[in-house]
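Take a look at the letters that make up each chain.
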Amino acid sequence: MALVKAGVVVLDCAEPEKLAVFYKELLDAEETDATANRVEIRGADGFRLAFRRDVNATPPSWPRPENSLQAHIDFVVEDLDAVERKVVELGGRPLEAKDVAGPFEERGYADPAGHSFTLRMVTPTAPKQG
């Protein structure tokens, strides 16, 4: 029997209510819990995010080379351009970062509180021949 029942990614921010709205709209999610200092949402696929109030929160500075990326969220999408338009409409912003080599295309963004996340489109590959 598993000791841990579920996990939730928690982002610290100054205004959890506002950040929850950004991700609810982006992920077509529902709010599942809210207190004075924390809001939790769940996407249709079960992905859970929470936003915890920290009045001293400062935005991460990634991708500046002098700071390492400690954590970020990857979202798999079907249409990078359409999702990018939605991210910007909701108050997010693109981050300047090098493309990663591999069988996918990805773009980096920051949410309105400055947390970084990646939109990744998995490129279909042709089946092996022979």
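The structure contained in this document is the topic of the report that follows. (Residues numbered from 1 in each chain as written. Predicted model: local features only at pLDDT ≥ 70, side-chain atom pairs only at ≥ 80, totals over all residues. Heavy atoms only, no water.)

Moving on: the packing of aromatic side chains. The tally for this structure, following the rule as stated, stands at eight aromatic pairs. Judged by centre distance (5.8 Å) and plane angle (25°), the rings of Tyr109 and Phe117 are stacked. Both residues of the pair, Tyr109 and Phe117, belong to the buried class. Aromatic rings pair up to connect Phe22, Tyr23, Phe47, Phe51, Phe75, Tyr109 and Phe117 into one cluster. (Phe/Tyr/Trp six-rings, centres within 6.5 Å; stacked < 30°, edge-to-face > 60°. Buried < 20%, exposed > 50% of the residue type's maximum accessible area, 1.4 Å probe, protein only.)

The sheet built from four strands is open, its strands ordered 1-4-3-2 with mixed pairing. In this open sheet, the two edge strands, each paired with only one partner strand, are strand 1 (9-13) and strand 2 (30-34). Mean inter-strand twist for the sheet, computed between neighbouring axes without regard to direction, equals 25°. Alignment of strand 3 (residues 38-42) against strand 4 (residues 48-53), held across five bridges, turns out to be antiparallel. For Ile41, the partnering residue across the bridge sits in strand 4 and is Leu49. With respect to the sheet, helix 1 (residues 16-27) is in contact with strand 1, strand 2, strand 3 and strand 4, its orientation differing from that of strand 4 by roughly 165°. (Pairing = 2+ DSSP bridges. Helix = DSSP H or I, 4+ residues; strand = E, 2+ residues; numbered from the N terminus. Axes fitted to C-alpha atoms, helices over the stretch in contact; angles between N-to-C directions. Contact = heavy atoms within 4.5 Å.)

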